[in-house]
Amino acid sequence: MIRICPSILNANFDDLPNEILKVAQVSDLLHLDVMDNIFVPNFTFDLDQSLKIVEDSALPVDVHLMVSDVDHKATSYAIDNTASITVHFEACADPVSTLRNIRSLGKRAGLAIKPNTPISVVEEILNEMDMLLVMTVEPGFGGQSFMESMMPKVEQARKWLQDKKLSDRWIQVDGGISLTTIRRAYDAGADTFVAGSAVYKSEDPAGMITALRRAVE
């Protein structure tokens, strides 16, 4: 089972409902990048804007929080159409408590790690999350190149999940996913793929998602 999650980071922010509709029939989740210009050097949406996008989305939403003080902010995004909330290990004072708080509200809880963060930080807390997000670019901007050097992290995480009998947990990759990189990430053990530029910079966003799915099925 694989999941393709288009990111609206490269979509037209002035027409998001229609931009989402373009991909709704062929996607699994919508990936919403929330940036605060503190944790990462970019700003996308504040809380009210984010919740409006989630409410109006034709797809359930995978919220990716790239914000500071995330322990206190994460649960604010847990509304009806929110499927999952991912927080960054680097932004958490207490990742385990934050993941548990998200799960207590009936949402899938994800934990993301930046490229410079060793995979070892998640080994003992894999059971606390529903999804591990291995960033394959430095978070903050769309359109960056896929970092092949992150694949050993994905491979190690997949091995740990198998060894710990946690194979129902998802491994997501985000950054530079395209027709030329998605198979490498899949072969390393990823099953959930965020694609932004590849989708919304193509002439046929829905067709691109279908092609990405075929590349790993």
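Conventions adopted
Residues numbered from 1 in each chain as written. Predicted model: local features only at pLDDT ≥ 70, side-chain atom pairs only at ≥ 80, totals over all residues. Heavy atoms only, no water. Helix = DSSP H or I, 4+ residues; strand = E, 2+ residues; numbered from the N terminus. Buried < 20%, exposed > 50% of the residue type's maximum accessible area, 1.4 Å probe, protein only. Polar contact = N/O pair within 3.5 Å; in protein donor to acceptor, adjacent residues only side chain to side chain. Contact = heavy atoms within 4.5 Å. Core = buried A, V, L, I, M, F, W, Y, C linked by side-chain atoms within 4.5 Å. Phe/Tyr/Trp six-rings, centres within 6.5 Å; stacked < 30°, edge-to-face > 60°. Lys NZ or Arg CZ within 6 Å of the ring centre and 35° of its normal. 1 Å grid on protein atoms, 1.4 Å probe; cavity = no way out; pocket = protein on both sides within 12 Å on 5 of 7 lines; lining within 4 Å. Points joined across faces, edges and corners; volume = space filled by probe spheres on them. Nonpolar A, V, L, I, M, F, W, Y, C, P; charged D, E, K, R; others polar.

Visitor: When you look at the side chain of Ser27 in this model, what are you seeing that I'm missing?
Guide: Position of Ser27 among the secondary structure elements: in the loop between helix 1 (16–24) and strand 2 (30–35). The exposure class assigned to Ser27 is buried, which follows from its relative accessible area of 11%. Among the polar contacts listed, one links the side chain of Ser27 to the backbone oxygen of Val23, at a separation of 2.7 Å. Not counting the four nearest positions on each side in its chain, Ser27 is found in contact with Ile4, Pro6, Leu59, Ile209 and Arg213.

Visitor: It is not clear to me how the nonpolar core should be interpreted in this structure. Could you clarify?
Guide: The tendency in soluble globular proteins is for nonpolar side chains to be buried side by side. Residues Ile8, Leu32, Val63, Leu65, Val87, Val122 and Phe193 are the most contacted members of the largest nonpolar core, which totals 67 residues. Residue contributions to this core peak at five residues, all from helix 5 (residues 151–163). Once you skip the residues sitting within four places of it in the chain, Val122 turns out to touch Leu111, Ile113, Met129, Leu132 and Trp160.

Visitor: So what exactly am I meant to see when it comes to the packing of aromatic side chains here?
Guide: Any two aromatic rings considered together are summarised by their centre-to-centre distance and by the angle between their planes. On inspection of all chains with the given rule, the structure shows one aromatic pair. The side chain of Arg3 reaches across the aromatic face of Trp170, ending 3.7 Å from its centre.

Visitor: Is there a simple way to think about the layout of surface pockets in this case?
Guide: Which parts of space are left empty comes out when a probe the size of a water molecule is rolled across the atoms. Its volume calculated, the largest pocket comes out at about 280 Å³. Considering the residues around the largest pocket, the lining is formed by 25 residues, among which Gly142, Gly143, Asp174, Gly175 and Gly176 are closest to the centre. Of all elements in the fold, only strand 2, strand 8 (192–195) and helix 7 (197–200) reach the threshold of two or more residues within the lining of the largest pocket. Each residue belonging to the lining of the largest pocket can be placed in one class, and the counts come to eleven nonpolar, eleven polar and three charged.

So, to be careful, I would describe these as geometric facts and stop short of saying anything about function.
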